[in-house]
Every structure is written in structure tokens, then in C-alpha cells.
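Take a look at the letters that make up each chain.
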Amino acid sequence: MKKIFALMATLLAFAFVLTACNTNGGEEAKNEEKNGAATEDLYAKIKEEGVLKVGTEGTYPPFTFHDESGKLTGFDVEIAEEVAKRLGVEPKFMETQWDGMFAGLDAKRFDMIANQVGIKPEREEKYDFSNPYIASAAVLVVGKDNNEITKFEDLKGKKAAQSLTSNYGELAKSYGAELVGVEGFNQAMELIASKRVDGTINDKLSVLDYKKQKPDAAMKIVDEAEDAAASGLMFRKDSGKLVEEVNKALTEMKEDGTYTKISEKWFGEDVSPK
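Bear in mind that the values here come from a model prediction, so they are computed numbers and not experimental data. Here the residue numbers are simple positions, counted from 1 along each chain's written sequence. For this predicted model, a pLDDT threshold of at least 70 governs which residues receive local features, and a threshold of 80 or more governs which side-chain atom pairs are given and counted, while totals over whole chains, interfaces and linings are taken from all residues. Side-chain metrics rest on all non-hydrogen atoms present in the structure, leaving aside hydrogens and water.

S.K.: Account for the overall build of the protein chain, with residues named and values stated.
M.R.: Strands are runs of DSSP state E lasting at least two residues, helices are runs of H or I lasting at least four, and both sets are numbered from the N terminus onward. The secondary structure content of the protein chain amounts to nine helices and 14 strands. Across the 274 residues in the protein chain, those meeting the buried criterion constitute 43%. The contact criterion used throughout is that any non-hydrogen atoms of two residues lie within 4.5 Å. Looking at the protein chain alone, contacts between residues at least 24 apart form 68% of all its contacts between residues at least 6 apart. Carbon and sulfur atoms make up 51% of the accessible area of the protein chain, which amounts to about 15,600 Å² in all. To sort residues, take the accessible area from a 1.4 Å probe on protein chains only and compare it with the maximum for the residue type: under 20% means buried, over 50% means exposed, and anything in between is partly exposed. Accessible surface is estimated by sampling points in the Shrake-Rupley manner with a 1.4 Å probe; for residues, cover comes only from the protein chains shown.

In C-alpha cells, the structure reads:
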């Protein structure tokens, strides 16, 4: 009799486990279905309303800023406009300060951020990103007639104009440069032009923008770091269908030359990730 009761208890326990597994499996399946529907609903909502809401600063040239006429423009603005066009919707730019931009995306004030957001592991844990659409690396800039410095290692014992607390300042110091403190990029360029320093390490995109604005500037890039930082368009987590369509648009833009045209307009060369 004891064996019969033991067997019945075992069977009941097994049945309970099966029921629990089926219940959990059913709940997981429902959640997956719900999440999938949500991503489809976001893209469908954008298509139905005909509007892609884009968060951006509007104060960050040459990426997103207002020109002399007051019109919002810039590299990121034109990229977002072209993406929206290929999705068959109108872009609606919603300007906000950088500090509140991520919170605005979380609160669903906009669907996407176009503002040179670097793709970093800690951000990827919480947000979705498009494929990288732009990349920048540290470059070494010297005077146009300076033939003594051709690579980062040549900075040893030379004067480099740097923001003293910046990563670029630390990089120049690691190569043995004597740092001359500056408040910003333009001041560094002025010191190079007046030959009061030998060079500076700075962001490639900033240098290209400066050259675009001042093509006669007596400076040149002589070396570039291998580890470029990439940026992407940013979305709320699990924006699957929308991200897929944006990536498709970015790929088409690169294939048909539209991306290169926009890039050369703002930087004088193709700045897409290699």
C-alpha cells in the first residue's frame, strides 16, 4: 500500500511540474508575441501617421544646428531626412538638450535620436542602434609646412595644444608631448598657425569641418589612430521593425551614392565607418 501511495505522489508531482512548465512556456510565448506585436505596432503607427519623430539638439554644428536663416540643418539632420524619405514618411525634428534626450526617447516623445550618439556597450544594453553611419578617430594635426612631425610618436618633446582634461590631451601626453592648455579646438588651430605649438591631437570630424569652413588654413593631418569611434541612430529597446527599415534605408543610401554626397557636403570626404 505504501508503494502505491508513493507512486501516486510521484505521478502527481510530475503532473504538477508539467503543468507549471506548460504555464510558464505559455506565458513566455505570449510575452514574445506581445513584444513582437509592439515592434510591429511602432513601425505601423509611424507609417499610418506618416511621421517619424526625431530627437536632436539643434545646437551641435556641423551635425545638427540652425543656419543663418534659422533653418535646422546639419549632417545628422540630412541623414535623418533622407532616411524618413525612404521610409515614405515626413521627419518631425524635436529639439532638446543632450541631458534630456535619452529621457525623451524613453518617454516616447520621439521615435529615434539623430545626434552623433556613440555606440557603446552600456548604451546597447538599454537601447537599439542602427548600423553605424559615421565614424571618427583621433588625428594628429600640424602646420602645413611642418615636415618634421609625420606620426604620433614624433610628438615626443614637442608642444601640443590640448584641453588639459581631455582624452586627447592624455593621448598627447602618452606620446611624450609637452601640453599647452587651450580652451577649445579653434584656439589650438590658432596656436598652430602662429607656430607657438607644434601640433594637436583632436577629433577627425572636427578637423574636417574646420578645413571645410577654412580651406586656406595652414594645417594638415599627418596621422590617424586606428580605433575609430562609431555613432548610430538610436531607438528604444526592441524597436525591431523600425530599426530594420532604417538600416535598409542607410544601406541603400550608401549603395546609390546619396550618403557620400551628404558626407562630402559637410566634411569634404566620405566619413562612413570602414
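S.K.: Explain the sheet that holds strand 2 (residues 59–60) to me, using residue names and the numbers behind them.
M.R.: The criterion for strand pairing is that DSSP finds at least two bridges linking the strands in question. Sheet architecture is open: three strands sit in the order 2-3-4, paired in antiparallel fashion. Both edges of this open sheet fall to strand 2 and strand 4 (72–73), since each of them pairs with a single strand only.

S.K.: Residue-level account of the packing of helix 6 (residues 185–193) against helix 7 (residues 204–213), with values.
M.R.: For helices, the fitted line uses only the C-alpha atoms of the stretch in contact; every axis is such a line through C-alpha atoms, and the angle between N-to-C directions lies from 0 to 180 degrees. At their nearest, the axes of helix 6 and helix 7 sit 11 Å apart, and the two run at 65 degrees to each other. Pair helix 6 / helix 7 crosses with right-handed handedness. Facing helix 6, whose interface residues are Phe185, Asn186 and Met189, helix 7 presents Ser206, Val207 and Tyr210. Residues are grouped as follows: Ala, Val, Leu, Ile, Met, Phe, Trp, Tyr, Cys and Pro are nonpolar; Asp, Glu, Lys and Arg are charged; all remaining types, including Gly, are polar. Residues of the contact of helix 6 with helix 7, tallied by class, amount to four nonpolar, two polar and no charged. Two helices cross in a left-handed way if the nearer one is turned anticlockwise from the farther one by less than a right angle. They cross in a right-handed way if the turn is clockwise.

S.K.: Residues and numbers for helix 9 (residues 258–267), please.
M.R.: Those residues of helix 9 that fall on the buried side of the exposure criterion are Tyr259, Ile262, Ser263, Trp266 and Phe267. Buried residues in helix 9, looked at end-on, bunch into an arc of 105 degrees, giving them a common side. Check the buried side of helix 9 and you find it contacts strand 3 (64–66), strand 4, helix 2 (75–87), strand 8 (134–136), helix 7 and helix 8 (240–255). The positive-phi residue at the C-terminal boundary of helix 9 is Gly268, with phi of around 85 degrees. Regarding the arc, it is the one traced by the directions from the helix axis to the C-beta atoms.

S.K.: Break down the packing of helix 2 against helix 9 for me, with residues and values.
M.R.: One can describe the packing of helix 2 onto helix 9 by two numbers: an axis separation of 10 Å at closest approach and a directional angle of 160 degrees. The orientation of helix 2 relative to helix 9 falls into the category roughly antiparallel. Handedness of the crossing formed by helix 2 with helix 9: right-handed. Along its contact with helix 2, which presents Phe75, Glu78, Ile79, Glu82 and Arg86, the element helix 9 presents Thr258, Tyr259, Ile262, Ser263, Lys265, Trp266 and Phe267. By the definition adopted for this analysis, an angle is roughly parallel if under 35 degrees, roughly antiparallel if over 145, roughly perpendicular if from 65 to 115, and oblique otherwise.

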